[in-house]
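# Survey of secondary and tertiary structure
If you want the building blocks of each chain, they are given just below.
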Amino acid sequence: MSIKSPYLEDSEGPAISNATLVTCDFFPGGILQFKTIASVLPPHDIFIVYIDGEEAAQLVNVNEWTEPTLGLSPGAHRIDFSYQYNTFGVSPLPPNPATRLGEFYDHSPLGLFMHV
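Structural notes, computed from the coordinates.

## Thoughts on the overall build of the chain
- What the chain contains, in helices and strands, is 0 helices and 10 strands.
- For the chain, the succession of helices and strands along the chain, N to C, is β-β-β-β-β-β-β-β-β-β.
- Burial statistics for the chain: of 116 residues in total, 41% are counted as buried.
- Across the chain, every contact between residues at least 6 apart in sequence was considered, and the portion connecting residues at least 24 apart equals 81%.
- Per element, the accessible surface of the chain, about 6500 Å² overall, is 56% carbon and sulfur.

Next comes the structure, spelled out in structure tokens:
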């Protein structure tokens, strides 16, 4: 499955789009690995990964596929992949750089790569 950030450039103020992964209570722990292109650039947009409400990774200006790796302890977890547009409420925003693509993330058909 693959996900692309939504088109939020017509938003008048800050806008957020999340994709959430939840592990169960008996998850044995392991490594969360996913592929992403985070061609985002503040103040326009940013891509943050939260684990249990805490910022675990912030990806900015990554214009090629990369594979972040994050450790997960045993038990239930909530992982939020958060694409945030104009989080600073800048109006008007400066012009977008030509290299900005938005945010993509990609993972295996069975879900994100979970290594235990």
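## Some details on the pairing of strand 8 (residues 77-85)
- Of all 9 residues in strand 8, 8 are buried, a share of seventy percent or more.
- Here 9 bridges tie strand 2 (residues 15-23) to strand 8, and the two strands are oriented antiparallel to one another. Bridge pairing in strand 8 links A15 to Y85.
- As paired elements, strand 5 (residues 45-51) and strand 8 share 7 bridges and run antiparallel to each other. Bridging from a neighbouring strand, F47 pairs with Y83 of strand 8.

## Here we look at the pattern of salt bridges
- Per the counting criterion, the structure on display carries 1 salt bridge.
- Residue D80 is joined to R78 by a salt bridge in which the shortest nitrogen-to-oxygen separation is 2.9 Å.
- For D80, a relative accessible area of 9% translates into the label buried.

## Observations regarding the side chain of Q84
- When you line up the elements, Q84 lands in strand 8.
- Residue Q84 is classed as buried on the basis of its relative accessible area, which comes to 10%.
- Polar side-chain contacts of Q84 include one of 3.3 Å to the side chain of Y50.
- Setting aside residues no more than four positions away along its own chain, Q84 makes contact with A15, I16, H44, D45, I46, I48 and Y50.

Criteria and thresholds
Residues numbered from 1 in each chain as written. Predicted model: local features only at pLDDT ≥ 70, side-chain atom pairs only at ≥ 80, totals over all residues. Heavy atoms only, no water. Helix = DSSP H or I, 4+ residues; strand = E, 2+ residues; numbered from the N terminus. Buried < 20%, exposed > 50% of the residue type's maximum accessible area, 1.4 Å probe, protein only. Contact = heavy atoms within 4.5 Å. Areas by Shrake-Rupley, 256 points an atom, 1.4 Å probe, with all protein chains shown as cover. Pairing = 2+ DSSP bridges. Salt bridge = Lys/Arg side-chain N within 4 Å of Asp/Glu carboxyl O. Polar contact = N/O pair within 3.5 Å; in protein donor to acceptor, adjacent residues only side chain to side chain.

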